[in-house]
Amino acid sequence: MQAYNDGQAADHRFQSFAADELNKLAFWNATGSGKTLLLHVNIHQYLHYFQSGQKNIYPDKIILLTPNEGLSRQHLEELHLSGFGYAQNFNKAQTPPRGTVEIIDINKLGDEMGDKTVAVEAFEGNNLVLVDEGHRGTSKEAGAWMSRREVLVRGGFAFEYSATFGQAVAKGLTVVKAEQELIKRKARMLFETANLKKLDASQMQQLTLTREDKRKARAMATREIYAKSILFDYSYKFFYEDGYGKESLILNLKNEDYDRPDIARQYFTACLLSFYQQQYLWNTNRDRLVDFNIEKPLWVFVGNTVAGEDSDILNVLRFLAGFLNDKASAKQWLKDLLANTARLLDAKGNNIFQNRFTPLMQFNADVVYSGILKLLFNTDARQRLKVVNLKRSKGELALRVGDAEPFGLINIGDDAGFLT
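**A few points about the nonpolar core**
The tendency in soluble globular proteins is for nonpolar side chains to be buried side by side.
Okay, so step 1: With 40 residues, the main nonpolar core has Leu273, Phe323, Leu334, Phe353, Ile372, Phe377 and Ile410 as its most contacted residues.
Okay, so step 2: Of all the secondary-structure elements, those providing two or more residues to this core are α11 (261-284), α13 (312-325), α14 (327-338), α15 (365-375) and β11 (396-401).
Okay, so step 3: No other element matches α11, which puts eight residues into this core.
Okay, so step 4: With residues near it in sequence (within four places) discarded, Leu273 still touches Leu334, Leu337, Leu338, Phe357, Leu360, Val368 and Ile372.

Here is the structure:
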C-alpha cells in the first residue's frame, strides 16, 4: 500500500490500515473459475483456525449473503453437494444449530423487522459472513446496504467473492474523499452551502466528523475497501490467459443500419444460423469431440429490460416468432448467407459474415431451414411460438413451437407480469 500511495495525489491515497479493517478478505474471481468451491474451502479454513482443535466452538452465525433468491437456491444445492449438512435458507422463526450456514439475499435485510425483512441488528455478533457478488451493494443507491453489511461483519470476519470488483468500484471513493463528502453534507444541512471557503473557523469547527461519521465514511469508501481487502486477483484477463473463458466476436454494422428493422431481422437470422452451425458440427462430430469434454452448444441472451415495448426479452421473442412465421423471408436470407451474398455490411462495406458458414454451404436453404426447425426448435413442422408459464418453477417461462418439446427458457423475476 505504501508503494501505491507514493505515486498518488493526496486525495487518492489510502489511509493506513486500522486494526478493525483486517476482518475481511475479497477474492476477485472470474465467472466459472470456481469461486463457489473456494467459498466452501474458506468456511472449512476459517473454522479450522477459529476452533483451534475444539470442534464444538462456532461463530455466533455463519451467514451467506446473495444478491437474489435464485442464487440463494443455487448456493444451498452446492453446499449440500459439498457435504455441508447444516445449511438452510434463513428463517427468522427458527434457531438452527450452531455451525449452520444460513443463506439470505440482501434484499431481505433491513433496518427494522418487517413481514419480508429482518433487522440487521438481529445478526450482530462474532459472525462468519460470506458475501457472493459483494459489489452489488457498492452503488450510491445501495449505501444503506453497505452500512448494513458493515454491521454484520463488525466483531466477526467476512469473505467476499465477485467476478467484477474492479468495474464495480472503479468510480468509488477513498476514505479521504468520503470524509470530504460527509463534511459537505453537514455544511449544506447546517449552513446551506457546500462551499467550505465561505465558512469561518467556528462554522468549520461544527463540521468536525464524529467517530460514527468516520466509520460511515469508511463504509462509503468502496474503492479503498476493496483495494485493501482483495487478496487474490483472478479476474477475467488472467482466467482467459490460462486458457479458460469464451472467445469473443463482435461484428459491427454500418451506423445507419442499426435503426432498420429488416437489417435487425437479417442479423438475427445470421446469428441463428451461426448457432445452428455449431449444433450441426457438434452433432456430426460428437465421437471426435468426446476427448475434449465439449458440451452441447448453448445460446444465451442476456437482457437488461423486461417490461414495455422496448423490452429486450420481448424483442428476442419477436425475432424467434418472425423466423417461424415469415418462412419466405427467412429462407431468402438463409440462401444469401450460405451464398456469401453481401447483405450485412460494416462501415467499410465488408460482408461481416463472409465465409462464416462454409460447413453448411453444401446444403440449400430449404434443407437448412428444416434442420433449424428440428435441431433448434424441436419440431418437424413450422407452427406458432408459444410462451408457457412453468407454475412449479418460479420465475421461469418455457418456449416451444406448437405442442413440441420446449426448446428455450426465460428466467425473470416477474414471470406472470411479463405474460400479461
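**Thoughts on the side chain of Asn127**
Okay, so step 1: Position of Asn127 relative to the elements: it lies in the loop between β6 (118-119) and β7 (128-132).
Okay, so step 2: Asn127 gets classed as buried once you look at its relative accessible area, which sits at 1%.
Okay, so step 3: In terms of polar contacts, Asn127 uses its side chain to reach the backbone amide nitrogen of Lys61, at 3.2 Å.
Okay, so step 4: Ignoring anything within four residues of it in the chain, the contact list for Asn127 reads Pro59, Asp60, Lys61, Ile63, Leu152, Gly156 and Phe157.

**Focus: the sheet that holds β7**
Okay, so step 1: Strand order in the open sheet formed by seven strands is β3-β4-β2-β7-β8-β1-β9, with parallel pairing between adjacent strands. Since the sheet does not close on itself, it has two edges, and those belong to β3 (87-89) and β9 (230-234), each with one partner. Looking at each pair of strands side by side, their axes are set apart by 15° on average, direction ignored.
Okay, so step 2: Alignment of strand β2 (residues 62-66) against β7, held across four bridges, turns out to be parallel. Paired with Ile63 across the strands is Val129, a residue of β7.
Okay, so step 3: Along the sheet face, helix α2 (residues 35-51) touches β1 (24-29), β2, β4 (101-105), β7 and β8 (157-162) and points at about 170° away from the line of β8.
Okay, so step 4: Docked against the sheet, helix α3 (residues 69-81) engages β2, β3, β4 and β7, running at close to 165° with respect to β4.

**Things to note about a nonpolar patch on the surface**
Okay, so step 1: A cluster of nonpolar side chains, contributed by Met1, Phe17 and Leu22, occupies part of the molecular surface with about 280 Å² of accessible area.
Okay, so step 2: Among the structural elements, Phe17 can be located in the loop between α1 (2-6) and β1.
Okay, so step 3: Relative accessible area serves as the criterion here: at 40%, Phe17 is assigned to the partly exposed category.

Cut-offs used in this document
Per chain, residue numbering runs from 1 following the sequence as it is written. The predicted nature of this model means local features are confined to residues of pLDDT at least 70 and side-chain atom pairs, given and counted, to a pLDDT of 80 or more, with totals for whole chains, interfaces and linings taken over all residues. Side-chain descriptors were evaluated using all non-hydrogen atoms of the structure, hydrogens and water having been removed beforehand. What is meant by a nonpolar core is a set of buried Ala, Val, Leu, Ile, Met, Phe, Trp, Tyr and Cys residues, joined one to another through side-chain atoms within 4.5 Å. Only protein chains enter the area calculation, which uses a 1.4 Å probe; residues under 20% of their type maximum are buried, those over 50% are exposed, and those in between are partly exposed. Helical segments are the DSSP runs of H or I of at least four residues, strand segments are the runs of E of at least two, and each set is numbered from the N terminus. We call two residues contacting when some pair of their heavy atoms lies within 4.5 Å. Counted as a polar contact is a pair of N or O atoms within 3.5 Å, where, for protein atoms, one must be capable of donating a hydrogen and the other of accepting one, and residues adjacent in sequence contribute only when both atoms are in side chains. A strand pair is defined by DSSP finding two or more bridges across the two strands. Note on definitions: angles span 0 to 180 degrees between N-to-C directions of axes, and those axes are lines fitted to C-alpha atoms, for helices only across the stretch in contact. Patch rule: a residue counts if its relative accessible area is over 30% and it has no salt bridge; like charges are joined within 9 Å, and nonpolar side chains (Val, Leu, Ile, Met, Phe, Trp, Tyr) within 5 Å. Only the protein chains shown count as cover for residues, with accessible areas throughout obtained via the Shrake-Rupley method and a probe of 1.4 Å. Think of a salt bridge as a Lys or Arg side-chain nitrogen and an Asp or Glu carboxyl oxygen that are within 4 Å of each other.

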